[in-house]
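# Close look at the chain arrangement
One-letter residues, chain by chain:
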Protein chains: 2
Amino acid sequence: LHCTSMSSLSVPPPQCLLQPFTVPHRYLFGPGPSNVPPRISTAGAQPMLGHLHAETIEIMDHIKSGIQYAFQTQNRMTLAVSGPGHAAMECAIFNTVESGESVLIAVHGIWGERAAEMAERIAKYKPVLFFLTHGESSTGVLHPIDGIGELCHKYDCLFLVDSVAALGGAPIYMDKQGIDILYTGSQKVLNAPPGTAPISFSERACHKIFNRKTKPVSYFLDLSWLANYWGCDGKPVRSYHHTGPITGLYSLRESLAILAETGLENSWKQHKDVAEYFHMGLEKMGLKLFVQDKKARLPTVTTIVAPPGYEWREITGYIMKNHNIEISGGLGPSLGMVLRVGLMGCNSTKAHVDMILQALADALKHCHKSKV
Amino acid sequence: LHCTSMSSLSVPPPQCLLQPFTVPHRYLFGPGPSNVPPRISTAGAQPMLGHLHAETIEIMDHIKSGIQYAFQTQNRMTLAVSGPGHAAMECAIFNTVESGESVLIAVHGIWGERAAEMAERIAKYKPVLFFLTHGESSTGVLHPIDGIGELCHKYDCLFLVDSVAALGGAPIYMDKQGIDILYTGSQKVLNAPPGTAPISFSERACHKIFNRKTKPVSYFLDLSWLANYWGCDGKPVRSYHHTGPITGLYSLRESLAILAETGLENSWKQHKDVAEYFHMGLEKMGLKLFVQDKKARLPTVTTIVAPPGYEWREITGYIMKNHNIEISGGLGPSLGMVLRVGLMGCNSTKAHVDMILQALADALKHCHKSKV
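Residues numbered from 1 in each chain as written. Chains lettered and ligands numbered in written order. Predicted model: local features only at pLDDT ≥ 70, side-chain atom pairs only at ≥ 80, totals over all residues. Heavy atoms only, no water.

### Some points on the packing of aromatic side chains
Residue and element names in this part refer to chain A. Here is the rule we go by: Aromatic rings from Phe, Tyr and Trp, taking only the six-membered ring of Trp, are treated as a pair when their centres fall within 6.5 Å; an angle between ring planes under 30 degrees marks them as stacked, one over 60 as edge-to-face, and anything in between as tilted. The secondary structure listing takes helices from DSSP runs of H or I that are at least 4 residues long and strands from runs of E that are at least 2 residues long, numbered from the N terminus. Accessibility here uses a 1.4 Å probe with only protein chains present; expressed as a share of the type maximum, an area under 20% marks a residue as buried, one over 50% as exposed, and anything in between as partly exposed.
Within this structure, the stated rule accounts for 12 aromatic pairs over all chains. Taking the centre distance of 6.1 Å and the plane angle of 15° together, the rings of phenylalanine 130 and phenylalanine 159 count as stacked. Of this pair, phenylalanine 130 sits in strand β4 (residues 127–133) while phenylalanine 159 sits in strand β7 (residues 158–162), and the two are 29 residues apart along the sequence. Residue class for phenylalanine 159 comes out buried when judged on its relative accessible area of 0%.

Below you can see the structure in the form of structure tokens.
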């Protein structure tokens, strides 16, 4: 049992790792992640820096400005969580809600379900937070935001919006719309790799968070630490909290730079125009859109009623195999009912729409159709 | 207040993002992150794939095998957390400990302090877990592991080891040493970017975790979900839990491949030899090692007694400015007492030692020395 004398390894080097590493190119037209353009992947391959080096801190400051622009907010408490959108969801809920408090959640798809799943672990009795998904990628619905913040504040409730699937592709104005916490992911319209999640907190949210009676359950997501790490707390020195995904931040910086160069309004218009062109093409083919109200359609992720008589998995599989294109089935409540097509950021072009329409037509021709 | 008619943006595109993005090259000889070799950064710049595509799942399976080799374990419950080492720490503690239970933590540096900080948020009364840091990077101490697992199990306590700063650079045998949970980071000896954290759970740990009375506080880090996402639960279908850091997984795959090609024992010997060569050189210069017992010295991160009469910040600043090399001061309990030099993975070479010794000699010559 004295392992200093253990000289032999009981687990040998795995053969699978001794093979060369290759990754195919694929069109990612599902609900995300989307394709990463060379400028963003090249940025992520730049030399590593320390997580608190002056240059890294400058990159983080630029990211903050980029998020403030993308979110249309002047909140000082703006940063990127070192994890996927789900980590930002927990960051929002963990910091805001104390045990014994309750949360109101608009469940109109899987994202509301998941927020409920997170909140019920810590909160039971009193409503302090209202959660709404801006772009519900499971159903393809874009939820209106206007007026809700005002209503929430009337009842001393914070307004939390998940815009993972919509941000950059549909208008949102954090400050003007009275949103207290807003977050998104890096791998959708922003076209960066998954692993960073922009988030911002209003003064009202900060007031609640920094007057908690108990510590948030998570240290990793504790806003007091994150605020200092991201230089949002006005303190002169940034302490070491955790090591952020440094090269992920390089990529996020570039993706926000591309959005700033393009202009938010141009990006919103591009997604709207391309989505409408796509929807027209689908209807011409005889396919039905799952969301009938045009205004309620999410411009980033389109849900198509699963073509009757077909097995949806056969369609997505056929398109992947023969066209090298990912499109996806439903998720959660929409499973089996829809096909989902995401056209986000650099993927949102009419040329891509034409590719998808052709692939769908080909699939409907070749996939097995039941006679029922 | 009706924002559908808001046509103007109140936050303009930030000028800082319109500048070109550049990152300097720097020798990262602090306690981490370490430099990323081209093979690993190139892997991370490969085309994006979907998080549940067959190729991604195969990459995840290869990563599991690579972690099993690096940890010397046959645990089925082996995966990488989608976050930094701190997320793995919380994954270990959140899943294992229920409210009302208590945790025993060996505090011999900052990592023990942080684990205590995390555990006290959820646990109060009964010891079910013993936490030990294998390589305490704040003090430069390598803690012996032998015999502790046996002792823990005698008292029906799980044995949790943090090997973020040591894994791959110092021997550890998860199965033979009776370790129930072991985790590390990607950005130390493995030389991958930060953002993924290998972790493994023994059968004993899984038994405790999957017989909890309450859900873990975190959904993002809930092992029942992670086990399914990583194909560790034997179920035929992997559900969507969260979007993993796909390109981060590419890099992690390559870093584990390099370790498998090098061989664990060669890697351990390399770090030991280079550290000893470094320590000899330091002593020749008249510098003192902070850890006097040679056997207790961490081969990946060396702590040097802060040279008397100097301001340590002036030394690290001088070396960064004039030699483009990062070395670091103390952290937590060792702040102000030591200089810390990390030589991990591809950075662990005698040529780098010579560079550092030269830089240190130069700094001691040029930095201000008080006469006291």
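### Remarks on the relation of the copies chain B and chain A
Here the second copy of the chain follows from the first by a rotation about an axis and a shift along it. Filter applied, for reference: The copies are overlaid by a least-squares fit using only the C-alpha atoms of residues whose pLDDT is at least 70 in both copies.
Rotating chain B by 180° about the axis while translating it 0.0 Å along that axis superimposes it on chain A, leaving an RMSD of 0.0 Å. Expressed as an axis order, the relation between the two copies is that of a two-fold axis.

### Points about helix α11 (residues 350–366) of chain B
Residues and elements named next belong to chain B. Applicable threshold: One fewer than the residue count of a helix, multiplied by 1.5 Å, yields its expected span. Along the arc lie the directions from the helix axis toward the C-beta atoms. It only takes one pair of heavy atoms within 4.5 Å for two residues to be counted as in contact.
Across its 17 residues, α11 extends 24 Å between first and last C-alpha, which sits within 8% of the 24 Å expected from 1.5 Å per residue. Looking at α11, one finds that the buried residues are His352, Val353, Ile356, Leu357, Ala359, Leu360, Ala363 and Leu364. In a view along the axis of α11, the buried residues occupy a sector of 165°, so they form one face of it. Residues Ala351, Gln358 and Lys365 are exposed on α11 and point more than 90 degrees away from its buried face. On its buried face, α11 is in contact with β1 (27–28), α9 (264–284), β10 (301–305), α10 (312–323), β11 (325–326) and β13 (338–342).

### Some thoughts on the sheet that holds strand β8 (residues 181–183) of chain A
Residues and elements named next belong to chain A. Threshold: For two strands to count as paired, DSSP must find a minimum of two bridges between them. What counts as an axis is a line fitted to C-alpha atoms, over the stretch in contact for a helix, and the angles between N-to-C directions run from 0 to 180 degrees.
If you trace the six strands from one edge of the open sheet to the other, you get β2-β9-β8-β7-β4-β3, paired in mixed fashion. At either margin of the open sheet sits one strand with a lone partner, and together these are β2 (77–81) and β3 (102–105). Across the sheet, the mean angle separating the axes of adjacent strands is 20° when strand polarity is ignored. Inspection of the sheet shows β4 paired to β7 by five bridges, in the parallel sense. When the bridges of β7 are listed, phenylalanine 131 appears paired with leucine 160. The strands touched by helix α3 (residues 85–96) within the sheet are β2, β4, β7, β8 and β9 (197–201), with β9 carrying the most contacts at an inclination of about 25°.

### Here's the deal with the nonpolar core
The condition is simple: Put simply, buried Ala, Val, Leu, Ile, Met, Phe, Trp, Tyr and Cys residues joined by side-chain atoms within 4.5 Å make one nonpolar core.
In this structure, Ile199(A), Phe201(A), Ile199(B) and Phe201(B) are the most contacted members of the largest nonpolar core, which totals 171 residues. Each residue touching Phe201(B), except ones within four places of it in the same chain, is listed here: Asn75(B), Met77(B), Cys91(B), Ala92(B), Met174(B), Asp180(B), Ile181(B), Cys206(B), Ile209(B) and Leu223(B).

### Re the interface of chain B and chain A
For clarity, the cut-off: As a working definition, buried area equals the accessible area (1.4 Å probe) given up by two parts on being put together, with both sides summed. Every case where a carboxyl oxygen of Asp or Glu lies within 4 Å of a side-chain nitrogen of Lys or Arg is listed as a salt bridge. We call two N or O atoms a polar contact when they sit within 3.5 Å, provided that within protein one can donate a hydrogen and the other can accept it, with sequence-adjacent residues counted only if both atoms are side-chain atoms.
Contact residues are listed per partner, giving 99 residues for chain B and 98 residues for chain A. Contact between chain B and chain A buries roughly 8500 Å² in total, counting both sides, with carbon and sulfur atoms accounting for 64%. Ionic pairing is found between Glu55(B) and Arg26(A), a salt bridge with its closest N-O pair at 2.7 Å. Inspection of the chain B/chain A interface yields 24 residue pairs in polar contact (both at pLDDT 80 or more). Secondary-structure elements contributing two or more residues to the side of chain B that touches chain A are α1 (38–44), α2 (54–71), α3 (85–96), α4 (110–119), α8 (246–262) and α9 of chain B. A total of nine residues in the side of chain B that touches chain A trace back to one element, the largest contributor, which is α8(B).

### Describing the pattern of salt bridges
Using the criterion set out here, one finds 20 salt bridges over all chains in the structure. Between Arg39(B) and Glu254(B) there is a salt bridge, with the nearest N and O atoms lying 2.7 Å from each other. Here Glu254(B) lies in helix α8 and Arg39(B) lies in helix α1, a separation of 215 residues in the sequence. Salt-bridge contacts for Glu276(B) lead to Lys272(B); the nearest nitrogen and oxygen are separated by 3.3 Å. Highlighted residues: Glu276(B) and Lys272(B), both in helix α9, separated by four residues, approximately one helical turn. Residue class for Glu276(B) comes out partly exposed when judged on its relative accessible area of 42%. Under the relative-accessibility criterion, Lys272(B) is labelled partly exposed at 48%. A cluster of three or more residues bridged by salt bridges with shared partners is formed by Arg39(A), Arg253(A), Glu254(A) and Glu261(A).

### Details of the state of the cysteines
Residues and elements named next belong to chain A. Inclusion rule: Note on terminology: disulfide denotes any pair of cysteine sulfur atoms within 2.5 Å.
Tallied over the full model, the rule gives zero disulfides over all chains. Looking at cysteine 157, it has no disulfide partner, and the nearest cysteine sulfur is the one in cysteine 152, 4.6 Å off. In this structure cysteine 206 is a free cysteine whose sulfur lies 8.6 Å from that of cysteine 232, the closest cysteine sulfur available. The exposure class assigned to cysteine 206 is buried, which follows from its relative accessible area of 8%.

### Focus on the side chain of Asn228(B)
Turning to its location among the elements, Asn228(B) is positioned in helix α7 (residues 223–229). In this structure, Asn228(B) is in contact with Asp233(B), Lys235(B), Val237(B), Arg238(B) and Ser239(B), ignoring residues within four places of it in sequence.

### Topic: the sheet that holds strand β4 (residues 127–133) of chain B
Residue and element names in this part refer to chain B. Here we have six strands laid out as an open sheet, ordered β2-β9-β8-β7-β4-β3, and mixed in their pairing. Both edges of this open sheet fall to β2 (77–81) and β3 (102–105), since each of them pairs with a single strand only. Between one strand and the next, the sheet's axes are offset by a mean angle of 20°, whatever the strand orientation. Both β3 and β4 contribute to a ladder of four bridges, which runs parallel. Bridging across to β4, serine 102 finds its partner in proline 127.

### Describing the UniProt feature "modified residue: N6-(pyridoxal phosphate)lysine" (unreviewed entry) in chain A
Residue and element names in this part refer to chain A. We apply this condition: UniProt positions are given in the numbering used here, feature names are shortened, and annotations may be inferred rather than shown by experiment.
Listed under "modified residue: N6-(pyridoxal phosphate)lysine" (unreviewed entry) in the UniProt record, and renumbered for this structure, are Lys188. Secondary-structure assignment places lysine 188 in the loop between β8 and β9. Look at lysine 188 and you get buried, because its relative accessible area is 7%. Filtering out sequence-adjacent residues up to four positions away, lysine 188 remains in contact with Pro31, Gly32, Ser34, Val164, Ala165 and Met344.

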